[in-house]
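Reading the structure
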Amino acid sequence: MNELHSNKFRRFSGKRKVVYVTYDSGIPLIGCIAFGLIDRGTNTIQIRPTSMCPLNCIFCSTDAGPNSKRRQTEYIVELEYLVDEFRRVVRYKGEYKIEAHIDTVGDPLTYPKIVDLVQELKNTKGVEVVSMQTHGYLLSEKLIDDLDDAGLDRLNLSIDSLDPELARYLSGTPTYDVEKIMDMAMYITENKRIDLLIAPVWVPSINDDEIPKIIEFALNIGAGKKWPALGIQKYIPHKRGRKPKGVRPMTWKEFYDKLRIWERKYSTKLVLSLSEDFGLHKRKMLPIKYKIGEKTIVETLTSGWQRGEVLTRGKGVSITVVRMPVIPRKGTQLAIRIIRNKHNIYIARTY
Ligand code: SF4
């Protein structure tokens, strides 16, 4: 197994192990939520080239960033392997109207070959849109120029507060500078073909007053030329994510009622429809390899993403085995029972 011990990724991974997922590693790119490819049975394919993140947002659903407490491993995928597998999935699903959406459990801009990745995805037969989700901490004018030239169609940029102090608090990162990220947003809308969608996470009682300001900012700078200008995200506490103290999550009704009020006030679309606004439609999904409850023998590959997890392989997919206090040696065979298989993301327990 190729593990990267260089200091190159320390500012994203803390002291955790970084596993390089190559052709030679034998780690399948379908099956694990932390890296590779996810096919949820639509024309959008999620691409996860890395799991790392430079920030420590206080509401992070995936407990990402250098200060993560639950993660034990980060992954980075070899470009050629990722692109070849992506093209295989596109051929299976049909080479037309595919959206390649780079959305990680961290921030895609930590991937050193992000520009090459965008270019390769864009040059794939059947790919109509290449989009990416980021908090923008690593953006620069040069990187934006390169992403634009490579063919990035849409950047979903999360800005959670325009107030520098509050934005820094939300990001959990003392060096986070929202004013620089706002400058990058303006640089995109003023100079580039890339369309910008501003996607704040609304954390009730913390950034309520910021959301209208962010709406005004997005509209003023001309975000949303082809797609909606805003994609406001509801804060949802996750079992294994970070939860800011004292925050009571909104109900979906409260959330949508407020979005509708702002829609009227600002004359802009805020309640989005994935099919109408993003052209999402059903498409055949890669075959499911294991049924729930199925018992099988798998081979240990390396440590899993979070503590107590082991990454294994069976029938050409990655399977995360949970509740494993000790990580067995690579190649060790484990008798497991599948407990989750939705969208070809496999979770199992030993029996
Ligand atoms: S919310 Fe996004 S940018 Fe913030 S720590 Fe999590 S993955 Fe990173």
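Before any of the text, the structure's been laid out above.
What counts as what
- By convention here, each chain's residues receive numbers from 1 onward along its written sequence.
- Owing to the predicted nature of the model, reporting of local features is limited to residues with pLDDT of at least 70; listing and counting of side-chain atom pairs is limited to 80 or more, with chain, interface and lining totals taken over all residues.
- Neither water nor hydrogens contribute to the side-chain values; these are computed over all heavy atoms in the structure.
- Counting from the N terminus, the helices are DSSP H or I runs at least four residues long and the strands are E runs at least two residues long.
- Radius of gyration here uses only the C-alpha atoms, and the compact-globule reference equals 2.2 Å multiplied by the residue count raised to the power 0.38.
- The contact definition used throughout considers only heavy atoms, calling two residues in contact when any of these lie within 4.5 Å.
- Accessible surface area values rest on a Shrake-Rupley calculation with a 1.4 Å probe, where residue burial reflects the displayed protein chains alone.
- Relative accessible area decides the class of each residue, using a 1.4 Å probe on protein chains only: under 20% of the type maximum gives buried, over 50% gives exposed, and in between gives partly exposed.
- Note that the arc is computed from the directions linking the helix axis to the C-beta atoms.
- Criterion used throughout: strands pair if DSSP finds at least two bridges between them.
- Only the stretch in contact is used when a helix axis is fitted, and all axes are lines through C-alpha atoms; the angle between N-to-C directions ranges over 0 to 180 degrees.
- What makes a residue near a molecule or strand is one non-hydrogen atom of that residue sitting within 4 Å of it.
- We call Asp, Glu, Lys and Arg charged. Ala, Val, Leu, Ile, Met, Phe, Trp, Tyr, Cys and Pro are nonpolar, and the rest, Gly among them, are polar.
- Take the buried residues of types Ala, Val, Leu, Ile, Met, Phe, Trp, Tyr and Cys, join any two whose side-chain atoms come within 4.5 Å, and each joined set is a nonpolar core.
- An automatic or database domain assignment supplies the residue ranges for each domain.
- In summary, the pairing rule links any two rings of Phe, Tyr or Trp, Trp by its six-membered ring, whose centres are within 6.5 Å, and it sorts them by plane angle into stacked for under 30 degrees, edge-to-face for over 60 and tilted for everything else.
- Ring-over charges, as used throughout, are those where CZ of Arg or NZ of Lys falls within 6 Å of the ring centre and within 35 degrees of the ring normal.

What follows concerns the overall build of the protein chain. A tally of helices and strands in the protein chain yields nine helices and 16 strands. Computed over its C-alpha atoms, the radius of gyration of the protein chain comes to 20 Å, within 12% of the 20 Å expected for a compact globule of 351 residues. Once the C-alpha set of the protein chain is aligned to its principal axes, its extents read approximately 60 × 45 × 40 Å. In the protein chain, the share of contacts with a sequence separation of at least 24, taken over all contacts with a separation of at least 6, comes to 72%. A total accessible area of about 15,500 Å² is found for the protein chain, and carbon and sulfur atoms account for 50% of it.

Restricting attention to buried positions, one finds in helix α5 (residues 164-171) the residues L166, A167, L170 and S171. One face of α5 carries all of its buried residues, which in axial projection span an arc of 135°. Close packing links the buried residues of α5 with α6 (178-191) and α7 (210-221). Two residues or fewer after α5 comes G172, characterised by a positive phi angle close to 65°.

Attention now goes to the sheet that holds strand β9 (residues 195-198). Pairing is mixed across the open sheet formed by six strands, whose spatial order is β3-β4-β6-β7-β8-β9. Strand pairing shows two members of the sheet lacking a second neighbour, β3 (36-39) and β9, which therefore form its edges. The sheet shows a mean angle of 20° between the axes of neighbouring strands, direction not considered. Most of the contacts of helix α3 (residues 114-122) go to strand β7 (residues 127-134), to which it runs at about 155°, and overall it touches β4 (44-48), β6 (98-102) and β7. Along the sheet face, α6 touches β8 (154-157) and β9 and points at about 145° away from the line of β9.

A word on the sheet that holds strand β15 (residues 333-340). Spatially, five strands are ordered β12-β13-β14-β16-β15 in a closed barrel, and the strand pairing comes out mixed. Adjacent strand axes in the sheet meet at a mean angle of 55° when their direction is disregarded. Of the strand pairs in this sheet, strand β12 (residues 295-303) and strand β13 (residues 310-314) are connected by four bridges, and their pairing is antiparallel. Following the sheet pairing, S303 is matched in β13 by V310.

Turning our eyes to something else, we now look at the site of the ligand. All residues in the neighbourhood of the ligand are listed as C53, L55, C57, F59, C60, A64, V105, G106, H135 and R242. Of the residues contributing to the shell around the ligand, the split by class is seven nonpolar, two polar and one charged.

In this section: the pairing of β4. Consecutive residues of a regular strand have side chains that alternate between opposite faces of the sheet. In terms of burial, β4 is largely enclosed, as five of its five residues are buried. Covered by surrounding structure in β4 are T44, Q46 and R48 together with I45 and I47, the residues of both alternating faces. Pairing between β3 and β4: four bridges, direction antiparallel. Bridge pairing in β4 links G36 to R48. Where β4 lies against β6, four bridges are found, and the strand directions are parallel. Its bridge partner being in β6, I47 is matched across the sheet by I102.

A few words on the nonpolar core. Among the nonpolar cores identified, the biggest contains 110 residues, and F35, F86, I114, L117, L147 and I198 are the most heavily contacted of them. Taken domain by domain, the makeup of this core includes at least three residues from each of domain 1 (3-278) and domain 2 (295-350). Among all residues touching I198, those that are not within four sequence positions of it are L157, I159, A185, I214, F217, A218, A223, A229, L230 and G231. Counting residues in hydrophobic clusters, the runner-up holds five residues, among them L197, A199, W227 and F278.

Moving on: the side chain of R48. Position of R48 among the secondary structure elements: in strand β4. For R48, a relative accessible area of 6% gives the class buried. With residues up to four places along the chain from it excluded, the contact list for R48 reads I33, A34, F35, G36, I38, V77, D103, T104 and V105.

All told, the structure shown has nine aromatic pairs when counted by the stated rule. With a centroid separation of 4.6 Å and an interplanar angle of 40°, the aromatic rings of F35 and Y75 are classed as tilted. Of this pair, F35 sits in the loop between β2 (17-21) and β3 while Y75 sits in strand β5 (residues 73-77), and the two are 40 residues apart along the sequence. We classify F35 as buried; its relative accessible area is 0%. Their ring planes at 65° and their centres at 5.3 Å tell us that F255 and Y256 sit as a pair that is edge-to-face. You can call Y256 partly exposed: its relative accessible area is 30%. One residue, K284, lies across the ring of Y92, its end atom 4.4 Å from the ring centre.

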